[in-house]
Amino acid sequence: MKRTVLCFGEALIDFHQEPRGKDSPPVYIPHAGGAPANVAVATARLGDASAFVGMFGRDVFGDLLLKGLSDAGVDTRHTRRTDAANTALAFVSHDARGDRSFSFYRPPSADLLFRDADFDPAIFAGDNLFHAGSCSMTEPASAATTLRGMARARTAGALVSFDMNLRPALWPRGEDPAPTIWRALALADFIKLSAEELTFLAASVGGESAAFARLWQDHAQFMVVTDGAHAVRWFTRDQAGQAPTFPVRAIDATGAGDAFVGGCLHGFVQQAACSENLAAFATDSARRDPVLRFAAACGALAVTRTGSFAAMPTRSEVETFLEQHP
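About the thresholds
- Residues numbered from 1 in each chain as written.
- Predicted model: local features only at pLDDT ≥ 70, side-chain atom pairs only at ≥ 80, totals over all residues.
- Heavy atoms only, no water.
- Salt bridge = Lys/Arg side-chain N within 4 Å of Asp/Glu carboxyl O.
- Buried < 20%, exposed > 50% of the residue type's maximum accessible area, 1.4 Å probe, protein only.
- Helix = DSSP H or I, 4+ residues; strand = E, 2+ residues; numbered from the N terminus.
- Pairing = 2+ DSSP bridges.
- Right-handed = clockwise from strand over helix to strand, strands pointing away.
- Axes fitted to C-alpha atoms, helices over the stretch in contact; angles between N-to-C directions.
- Contact = heavy atoms within 4.5 Å.

(A) Examining the pattern of salt bridges more closely. A complete count under the given rule lists 14 salt bridges for this structure. Across the pair D289 and R288 runs a salt bridge, and its minimum N-O distance is 2.9 Å. Overall, the relative accessible area of 35% leaves D289 in the partly exposed class. On the basis of relative accessible area, R288 is assigned to the buried category, the value being 5%.

(B) Summary view of the pairing of strand β11 (residues 190-194). Burial analysis of β11 places five of its five residues in the buried class, which makes it a mostly covered element. Two elements, strand β10 (residues 159-163) and β11, share three bridges in a ladder whose sense is parallel. Considered in β11, the bridge of D163 is made with K192. Handedness of the crossover is the feature at issue here: the chain leaves β10, passes through helix α4 (residues 178-185), returns alongside β11, and the resulting connection is right-handed. Relative to strand β12 (residues 222-227), β11 is paired through five bridges, and the arrangement is parallel. Residue pairing in the sheet places F190 in a bridge with F222 of β12.

(C) Main features of the sheet that holds β11. In space, the eight strands of this open sheet follow the order β4-β1-β9-β10-β11-β12-β13-β14, with mixed pairing throughout. A single partner strand is all that each edge strand has here, and the edge strands are β4 (49-53) and β14 (240-243). For this sheet the average axis-to-axis angle between neighbouring strands, irrespective of direction, equals 20°. Across four bridges, β12 lies against strand β13 (residues 230-235) in antiparallel orientation. Across the sheet, V224 pairs through a bridge with W234, a residue of β13. Of the strands in this sheet, β10, β11, β12 and β13 are in contact with helix α5 (residues 195-205), which crosses β11 at around 100°. Strands β1 (4-8), β9 (129-133), β10, β11, β12 and β13 of the sheet are contacted by helix α7 (residues 256-270), whose axis makes an angle of about 160° with β11.

See below:
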């Protein structure tokens, strides 16, 4: 049976600001998005068996998200819908370099209402990959569900992936996200951070060295740290290095990290990397470096496009890009 990349968490509508004259009122165009949902679309477009697990409102935006996932080839049989809350919204503005800022309309929102009983037990299979992020952890019950899903996947023997994807505006005012996020990091085999997120974790435990020491105490075997156009830093328990990125003209950075994660998970599928052998994969340059290069190309292509789902490249597009950038 083909390995499935299962992505759990939030799916929302990103309203992207369209460029207009300085004296014109802003116009926002809706795009299907949400970090785990973007990763599900990314892996599906790269040719993997991909499924999304989450809750949608019974509203027009929930319809739009489910259609977008299905159109991309993502399995939506494990999703749920509710009348108790609407689908979350985010308004995205961009600066001249394509960097974005978010204004969220959440909570309450449907994605935060998914509970452990809503999981289909069939998804917890040893050969699958289970991916999550911190945006589903901004409310206590939803955080517990995220941790439970990661733990159930780990118990089944699946490779567990976690993209921190910290959005401080989503957390209750005055609450420190670090203790909750550290609980998720302890369950992950593969961890993706941004440079800013590594700085945040380091500040929470007294420095970068202390952060790495804590990360390697648990199940983590491979970690990558992205930093925009700068080189990707990668780490194992015993090794560290860098992987180059590609110079492109950035238009919209909204889905870049998700496209990169999708490229990594695709590489794990192609290389038969699992929870038991991820450490060996990560220390083998002949296997690791092509995966990181492929993932960097996914991220580079994503920033040249507007949107979230719409920015995720296909495998043929990535292969053509790599041929053009030897």
